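# Survey of secondary and tertiary structure
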Amino acid sequence: MAARGLTPAGSRKLVITSLGAPADHAIQRPFVALLPAFNPPERQQAEAITKDLIDLGCVEFCCVGPEAEQLHDALDSIIEASNALDVVTTWHEEPTDACEYFLRAAAGGRAHLLALILSHPELQVVLEAEPRT
């Protein structure tokens, strides 16, 4: 499935794509990434792209799912090793809480949004329910 672009309330852009999609160098910076962590392989896939996302301008990672805390801890190690200490990480096991934080509070509500969650329709429903401009 192809990436979808939406505009939530405000001037931020929301792009919904898959975790395995190639990095999009055209994404507007700065941005926040919503990373799924519903099982160990998915968590490892998210870990593997962290450095690329930082290099593209990611300022915050929001982890969601049963493996979110473990992903969060791994991302902190990657961020520290990359000396990108200004990048923030958060985690929520509960999908609705994660999506609400991602849409309303991540990066102070000022950064664009990249949700790598196409394989999780339940997350898409929450993100797409947000009022648009």
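Quick note: structure is the one above.
My aim in this report is to walk through the structure given alongside it, one point at a time. (Residues numbered from 1 in each chain as written. Predicted model: local features only at pLDDT ≥ 70, side-chain atom pairs only at ≥ 80, totals over all residues. Heavy atoms only, no water.)

### Quick notes on the overall build of the protein chain
- When helices and strands are tallied, the protein chain shows four helices and six strands.
- The 133 residues of the protein chain split such that 45% are buried.
- A sequence separation of at least 24 residues applies to 76% of the contacts in the protein chain between residues at least 6 apart.
- Entry remark: accessible area of the protein chain is about 6,400 Å², with carbon and sulfur atoms responsible for 52%. (Helix = DSSP H or I, 4+ residues; strand = E, 2+ residues; numbered from the N terminus. Buried < 20%, exposed > 50% of the residue type's maximum accessible area, 1.4 Å probe, protein only. Contact = heavy atoms within 4.5 Å. Areas by Shrake-Rupley, 256 points an atom, 1.4 Å probe, with all protein chains shown as cover.)

### Some words on the side chain of Gln124
- Among the secondary structure elements, Gln124 is positioned in helix H4 (residues 121-128).
- Setting aside chain neighbours within four positions, we find Gln124 in contact with Ile16, Ile117 and Leu118.

### Comments concerning the pairing of strand S6 (residues 112-115)
- Taking every second residue as pointing to the same face, both faces of S6 are buried, with His112 and Leu114 on one and Leu113 and Ala115 on the other.
- Where strand S2 (residues 14-16) meets S6, three bridges bridge the pair, whose relative direction is parallel. Across the sheet, the residue bridging to Leu14 is Leu113, located in S6.
- Of the strand pairs in this sheet, strand S3 (residues 31-36) and S6 are connected by four bridges, and their pairing is parallel. In the sheet register, Ala33 faces S6, and the bridge partner there is Leu114. (Pairing = 2+ DSSP bridges.)

### Observations regarding the pairing of S3
- Within S3, six of the six residues are buried, which leaves it mostly tucked inside the rest of the structure.
- On S3, burial covers both faces: Phe31, Ala33 and Leu35 on one face and Val32, Leu34 and Pro36 on the other are all buried.
- As judged from the six bridges shared by S3 and strand S4 (residues 58-64), these two strands associate in the parallel manner. Bridged to Ala33 within S4 is Phe61.
- In this fold, S3 hands off to helix H1 (residues 40-56), which returns the chain to S4; that crossover is right-handed. (Right-handed = clockwise from strand over helix to strand, strands pointing away.)

### Observations regarding H4
- Of the residues making up H4, those classed as buried are Leu123, Gln124 and Leu127. One side of H4 holds all its buried residues, which, seen down the axis, span an arc of 100°.
- Buried residues belonging to H4 abut S2, S3, S4, helix H3 (95-104) and S6. (Arc of directions from axis to C-beta.)

### Topic: the state of the cysteines
- Counting across every chain of the model gives zero disulfides.
- The thiol of Cys62 is unpaired, and the distance to the nearest cysteine sulfur, on Cys63, comes to 7.5 Å.
- The closest cysteine sulfur to the non-disulfide-bonded Cys99 is located on Cys62, 9.6 Å from its own sulfur. (Disulfide = S-S within 2.5 Å.)

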